[in-house]
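Residue-level structural notes
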Amino acid sequence: SGGNKTLKVSLRNAIEKVDYPLNLLAYEHNGSLSFQLRYDGAYLTPSKAEQLLKTLEAILDQAVKAPERSHNQISLLSQEEHHKMVYQ
């Protein structure tokens, strides 16, 4: 009963429904977590899609680096975005 905790995730075969304007797929591939973003160009531009993926990456990075951190302590802005909003 040490402090070690493990997260076990299992994947099952599934039929993917992709007729939504925005679809984020997460799956394990070669020992790492991979994401695939699919979107309808009528709702999202390529640059906005890239920005969403960068935001997701920043959120996951914070969660991995400090898993004890509460969800309300995770920033949705990168350091650059935060600096731009606060100081410019």
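Below: a short report on this structure. (Residues numbered from 1 in each chain as written. Predicted model: local features only at pLDDT ≥ 70, side-chain atom pairs only at ≥ 80, totals over all residues. Heavy atoms only, no water.)

1. Quick notes on a nonpolar patch on the surface
On the surface, a nonpolar cluster with roughly 400 Å² of combined accessible area is contributed by Leu 24, Leu 33, Phe 35, Leu 53 and Leu 60. Looking at the nonpolar patch, the elements that each hand over two or more residues are strand S2 (32-39) and helix H1 (46-65). For Leu 33, the location among the structural elements is in strand S2. (Patch = residues over 30% accessible without salt bridge, like charges linked within 9 Å, V, L, I, M, F, W, Y side chains within 5 Å. Areas by Shrake-Rupley, 256 points an atom, 1.4 Å probe, with all protein chains shown as cover. Salt bridge = Lys/Arg side-chain N within 4 Å of Asp/Glu carboxyl O. Helix = DSSP H or I, 4+ residues; strand = E, 2+ residues; numbered from the N terminus.)

2. Quick notes on unusual backbone geometry
The backbone phi angle of Asn 30 is positive, close to 55°, even though this residue is not glycine. Among the secondary structure elements, Asn 30 is positioned in the loop between strand S1 (22-29) and S2. Overall, the relative accessible area of 72% leaves Asn 30 in the exposed class. (Buried < 20%, exposed > 50% of the residue type's maximum accessible area, 1.4 Å probe, protein only.)

3. What to know about the pattern of salt bridges
By the definition in use, this model includes 1 salt bridge. Asp 61 is the partner of Lys 65 in a salt bridge, and the nearest nitrogen-oxygen pair spans 3.1 Å. In this pair, Lys 65 and Asp 61 both sit in helix H1, 4 residues apart, roughly one turn of the helix.

4. Quick look at the environment of Asp 40
On the secondary structure map, Asp 40 appears in the loop between S2 and H1. Taking relative accessible area as the criterion, Asp 40 reaches 34% and is therefore assigned partly exposed. It is 7.9 Å that separates the C-alpha atoms of Asp 40 and Tyr 20, two residues lying 20 residues apart in sequence. At a separation of 2.9 Å, a polar atom in the side chain of Asp 40 contacts the main-chain amide nitrogen of Ala 42. (Polar contact = N/O pair within 3.5 Å; in protein donor to acceptor, adjacent residues only side chain to side chain.)

5. Some remarks on the pairing of S1
Of the strand pairs in this sheet, S1 and S2 are connected by 8 bridges, and their pairing is antiparallel. Bridge assignment links Asn 23 to a residue of S2, and that residue is Arg 38. A loop of 2 residues connects S1 with S2, the two strands running antiparallel in sequence, and Asn 30 in this loop sits at a positive phi of about 55°. (Pairing = 2+ DSSP bridges.)

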